[in-house]
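Residues per chain, in single letters:
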Amino acid sequence: MSLFFTVIPALFLIVLLDKFDDYQDKLIDVEDDAEEVKFVKAEKKKFVTLGVTALLLSICMVIVFAIVMMVNLNFSYTGYWWLQVFTFLLALMYILFRVFRVQVITVYYKLNALSSSVGYLRYYFVVAIVVLLFLINSNLAVFYNWKQANAMLILLSYLFIFYYILACLVKYYFMLSIFKTQQTDLEKIPYVTDKSYLYNSGVKQKNRHHLVPLTEQRNFSQRRRLIASVSTMLVIVLGIISLNSESAIHELKVYPKAGHEKLLEMEAFKVKLRERTHKPLFFVAAHGGGLKANIWTMKVLNEIQMKTDANFLNQTISFSGASGGMMGLSLYSVLVGQYMNDYNAIGTKIDEVATENFASKDLALTFGFDGFRKFFPFNKMGEYKDRSYYAMVTYRNILESKTAMTLDSLSFNAYWKTHIFDNKNHYFPSLIINTAKTNGKRGVFFSIKYPKDSTLFYNSDNLSQLHNGSIAFYEAVSSTNRFPALSPAAKIKNYGHYIDAGAIDNSGLLSSIDLHTYLLKDSTLNTTKKIFVEIVNGRNNYIWHLIQKFKKEKDIAHFIIEEREQDNIVADLKTGLNLDKIPNYLSDFLTDWSKDPLVSYIPIYLPFQIELQEVETFLGGDLTDADQIIELKYFLDQENAKVKKQINDNGTIWRTYEPTLARHLSISTITYYDRVIRSKLITDQIEEIQAELKTITTSHEIN
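Summarised in this report is the structure supplied together with it.

Cut-off values and rules
Residues numbered from 1 in each chain as written. Predicted model: local features only at pLDDT ≥ 70, side-chain atom pairs only at ≥ 80, totals over all residues. Heavy atoms only, no water. Axes fitted to C-alpha atoms, helices over the stretch in contact; angles between N-to-C directions. Helix = DSSP H or I, 4+ residues; strand = E, 2+ residues; numbered from the N terminus. Parallel < 35°, antiparallel > 145°, perpendicular 65-115°, else oblique. Left-handed = near helix turned anticlockwise from the far one by under 90°. Contact = heavy atoms within 4.5 Å. Nonpolar A, V, L, I, M, F, W, Y, C, P; charged D, E, K, R; others polar. Phe/Tyr/Trp six-rings, centres within 6.5 Å; stacked < 30°, edge-to-face > 60°. Buried < 20%, exposed > 50% of the residue type's maximum accessible area, 1.4 Å probe, protein only. Lys NZ or Arg CZ within 6 Å of the ring centre and 35° of its normal. Salt bridge = Lys/Arg side-chain N within 4 Å of Asp/Glu carboxyl O. Arc of directions from axis to C-beta. Pairing = 2+ DSSP bridges. Right-handed = clockwise from strand over helix to strand, strands pointing away. Polar contact = N/O pair within 3.5 Å; in protein donor to acceptor, adjacent residues only side chain to side chain. Core = buried A, V, L, I, M, F, W, Y, C linked by side-chain atoms within 4.5 Å.

Quick look at the packing of helix H11 (residues 290–307) against helix H26 (residues 683–693)
Stage number 1. It is at 10 Å that the axes of H11 and H26 come closest, and there the two elements cross at 45°. It follows from the interaxial angle that H11 and H26 lie oblique. Along this stretch, H11 crosses H26, giving a crossing that reads as right-handed. Here H11 contributes Glu303, Ile304 and Lys307 to the contact with H26, which in turn contributes Ile686, Ile689 and Gln690.
Stage number 2. Here the contact of H11 with H26 is built from residues that sort into three nonpolar, one polar and two charged.

Right under this line is the structure:
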């Protein structure tokens, strides 16, 4: 049915254009027969009248539908089809408008403004001004924390402006081409006079003095072409200068070192860890995935803390993640520093973050002020403050109940020590902020100060101990969440550019294992059991998890598939853009390593309902073994039934929606998280953590 709504408008346009061509061909065929010409024109008149009437009716229907939907639209199966029908009507209205607009005056003279080319251009100009003012307001809304419109409206507004500019340029060059030869061309037509030329211009008599006289059009065209050529060259030159001109717009500000800041040294941190070796110690890692990962990570941590009576974090060595997952770990750290063990207050703040419209802010600045400032000489404006900076301002203001639009300058390490570690009874898991350098190295902000000659995080830059100063806390956290295209690369003076951490390791496990390996060198810490908790939010990760589970249950070593053929370039792109290469390897590695009694691995997956076709897409081909297909279908049905039962969304109005990669979450997505958290879907993993926390491990027992 969706295909029907897509194809019909295109076919409708083809039929209408073919009908007009048919009438034109008939007029040419019967041009010598006056009666036949009259008959064909009458038939064409009926067709045009019908089309114009249909256009006016479609406009009315679209308006009525829009009003009805604004009042009654629900997130439901019925609401979905309302939107499909409305989109279909919009498509039909647009086609009728493009085909019959100029004909309106011939049917309904009082609506001649709709047919006027000049009026049409004025209408688009007025709309462009309104849209431009809306976009300016959207940019200012970021700086002044005003309420934002929906991200899709902002994106469509930018597309309209770009289209308007392109259309104006094309029409401008088109008119210059006409002006170049118009006088000569018109002189060849004997019945065209100056009077008839002015009358058919579509311009009212009182405004015709603005028209360029026929005798001056050629010179006018040449002058304007020269101006256009010079302007184009100037734009190209400015573009080249902009590409090679240094800019600090996306630079993270390096603040001078402050001697009074409180930092936690590695040896002092080890002392705190030794006090906790009577129980297993945890490493927490969280996958990237935008705001979806951010919220899932915080909600899972809050649930674990609540179910373990606040003992979980007290036995956790580190938080390490990538992109949205690392954001969730960092923001949860701030919340615990602010609200201690008040889980309701923390939960309320998490929901505030979840409902915040980050997508609109990002889009407004990406194509607005940030995009504008990429060009010389504007790239010297507003150093250090871009869309990533203002996103962190929004996070800070929500978490800390502030209203200021600038971030504090307290360094990453000092903020963690003062506002998180000290506030939480002088212990809190260390933070490992991961990011990816453009040369393939990692960038790491580690909240513990350690000797610079120590080998801790391999193939990485120690960004928390810069030679020339320090990065402030929230700006350091922002470096992990730099999704390509949407977010700018973070520049650190004298160090380089850093993008989203997921470009290297989208799980955060790599840095967790680095820290674990480093601590194993300490004989007072290497006999305590270590548990790696991985918080996973990706749909493909869940599919991979189900495949591993199915293989284990059915003792299947390999799926037999018929590969889906794909071009070399497509294969290269899919492999290069896949962010699960390192995470899946590390998951297998930890699963095997957990055979060691001193190591355990607990992944916590965000559950989804998965179809057989999704598994085949993941595998890269269609399953060919009939028995495997039957068993896998049955297995997926069972797993999906568990999810469906726990989510419990079987009403007419949909209350939940499976999370997707996004910067703006719907209420239905947040409800989905809450129902998963309250359900039995992650109960086993939390109970496993609870059981480990009740275990007493001493060196004597282990030996």
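Considering the packing of aromatic side chains
Stage number 1. This model, assessed by the stated rule, comprises 42 aromatic pairs.
Stage number 2. Measuring from ring centre to ring centre gives 6.4 Å for tyrosine 77 and tryptophan 81, while their planes differ by 75°; the resulting arrangement is edge-to-face. Placement of the pair is tyrosine 77 and tryptophan 81 together in helix H3 (residues 77–100), with a separation of four residues, close to one helical turn.
Stage number 3. Taking relative accessible area as the criterion, tryptophan 81 reaches 23% and is therefore assigned partly exposed.
Stage number 4. Geometrically, the ring pair formed by tyrosine 172 and tyrosine 173 is edge-to-face, given 5.9 Å between the ring centres and 80° between the ring planes.
Stage number 5. In this structure tyrosine 173 comes out as partly exposed when scored by relative accessible area, which is 34%.
Stage number 6. Joined through ring pairs, the aromatic side chains of Phe283, Phe532, Tyr585, Phe589 and Trp593 make up one cluster.
Stage number 7. Above the plane of the ring of tyrosine 427 lies arginine 276, whose end atom (NZ or CZ) is 3.7 Å from the centre.

Section: the pattern of salt bridges
Stage number 1. The full count for this structure, using the stated rule, is 29 salt bridges.
Stage number 2. Between glutamate 639 and lysine 642 there is a salt bridge; the shortest N-O distance is 3.4 Å. Placement of both glutamate 639 and lysine 642 in helix H24 (residues 626–647) is noted, with a separation of three residues, approximately one turn of the helix.
Stage number 3. Residue lysine 642 is classed as partly exposed on the basis of its relative accessible area, which comes to 44%.

Concerning helix H10 (residues 266–274)
Stage number 1. Within the sequence span of H10, burial applies to Met266, Phe269, Lys270 and Leu273. Along the axis of H10, the buried residues cluster in a sector spanning 100°; they form a single face.
Stage number 2. Here the buried face of H10 lies against strand E2 (281–286), strand E3 (316–321), strand E4 (430–437), strand E5 (442–446) and helix H19 (509–520).

Description of the pairing of E2
Stage number 1. For E2, the tally of buried residues reaches six of six residues, placing the bulk of the element in the interior.
Stage number 2. Pairing geometry for E2 and strand E10 (residues 530–536), over six bridges, is parallel. Counterpart to valine 284 in the pairing with E10 is valine 533.
Stage number 3. After leaving E2, the chain enters H11 and then returns to the sheet as E3, a path that is right-handed.

Section: the packing of helix H2 (residues 34–72) against H3
Stage number 1. For the pair H2 and H3, the least separation of the axes is 9 Å and the interaxial angle reads 145°. H3 is crossed by H2, and the crossing has left-handed handedness.
Stage number 2. Tallied by class, the residues present in the contact of H2 with H3 amount to 22 nonpolar, two polar and no charged.

Quick notes on the side chain of asparagine 139
Stage number 1. With respect to the secondary-structure elements, asparagine 139 resides in helix H6 (residues 117–144).
Stage number 2. Judged by its relative accessible area of 10%, asparagine 139 is buried.
Stage number 3. One polar contact links the side chain of asparagine 139 to the main-chain carbonyl oxygen of leucine 135, over a distance of 2.8 Å.
Stage number 4. Look past the residues within four positions of asparagine 139 in its chain and what remains in contact with it is Tyr158, Ala364, Leu365, Gly368 and Phe369.

Remarks on the environment of phenylalanine 47
Stage number 1. Topologically, phenylalanine 47 is positioned in helix H2.
Stage number 2. Once the C-alpha coordinates of phenylalanine 47 and aspartate 370 are considered, the two residues, 323 residues apart in sequence, prove to be 50 Å apart.
Stage number 3. The contacts of phenylalanine 47, once residues within four sequence positions are left out, are Leu16, Lys19, Phe20, Tyr23 and Phe100.

A short note on the nonpolar core
Stage number 1. Core analysis: the largest hydrophobic core is formed by 134 residues, its most contacted members being Trp296, Phe312, Val353, Phe446 and Leu515.
Stage number 2. When residues no more than four places from it in sequence are discounted, the contact partners of tryptophan 296 are Ile535, Val536, Asn537, Ile604, Tyr605, Leu606, Pro607, Tyr673, Val676, Ile677 and Ile682.
Stage number 3. Val30, Val37, Val40 and Val52 belong to the second-largest nonpolar core, a separate cluster that totals 18 residues.

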